[in-house]
Amino acid sequence: QVQLVESGGGLVQAGGSLRLSCVASGSIFSINAMGWYRQAPGKQRELVAVITSGGSTNYADSVKGRFTISRDNAKNTVSLQMNSLKPEDTAVYYCNAHIGTIVSRTTFYWGQGTQVTVSS
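Residues numbered from 1 in each chain as written. Predicted model: local features only at pLDDT ≥ 70, side-chain atom pairs only at ≥ 80, totals over all residues. Heavy atoms only, no water.

Quick look at the nonpolar core
Within the largest apolar cluster, 32 residues are counted, with the highest numbers of intra-cluster contacts made by W36, L80, M82, Y93 and I99. Only β1 (2-7), β3 (18-26), β4 (28-39), β5 (46-51), β7 (67-72), β8 (77-82), β9 (91-101) and β11 (114-119) provide two or more residues apiece to this core. Among the elements that line this core, the one with the most residues is β9, at 5 residues. (Core = buried A, V, L, I, M, F, W, Y, C linked by side-chain atoms within 4.5 Å. Buried < 20%, exposed > 50% of the residue type's maximum accessible area, 1.4 Å probe, protein only. Helix = DSSP H or I, 4+ residues; strand = E, 2+ residues; numbered from the N terminus.)

Quick word on a nonpolar patch on the surface
A cluster of nonpolar side chains, namely F29, I102 and V103, defines an oily patch on the protein surface of about 420 Å² accessible area. Along the chain, I102 falls in the loop between β9 and β10 (107-110). A relative accessible area of 64% places I102 in the exposed class. (Patch = residues over 30% accessible without salt bridge, like charges linked within 9 Å, V, L, I, M, F, W, Y side chains within 5 Å. Areas by Shrake-Rupley, 256 points an atom, 1.4 Å probe, with all protein chains shown as cover. Salt bridge = Lys/Arg side-chain N within 4 Å of Asp/Glu carboxyl O.)

Given below as C-alpha cells:
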C-alpha cells in the first residue's frame, strides 16, 4: 500500500508565493519520477513539473521561471516552490509518483490534491 499526501495549498494574492510538499509512504522499494499536475475547473489535468530520481527536471511553459520542483530521495518527498503566482495558476494541484513496491511492479500513484487559489 502506497500513499501520497500533499500539503501547502491555500489562498494567496497575485504575485505571492506558496510551497507545496508531498510525501510518499508505504512499502516503497523505489521511486522513479515524481511530479505535480494541476486541474482547473472545466479543464483537463495538466503537467506542471516533473523531476527524475537523478534530479532532471521538466516544466510546463506556463510556469517556467516561476516554479521550482525539488525532491529529497531520503525522505521520499517532492516539493513545488511557486513564486510570482497568477490567477490562472488557480487549480487543484496533485502529486504524482512512479513507485515500485516490495510486492508489485512500478505504478503511478496520485495524491488527493490540494487547492491553490490566487486572487487578483
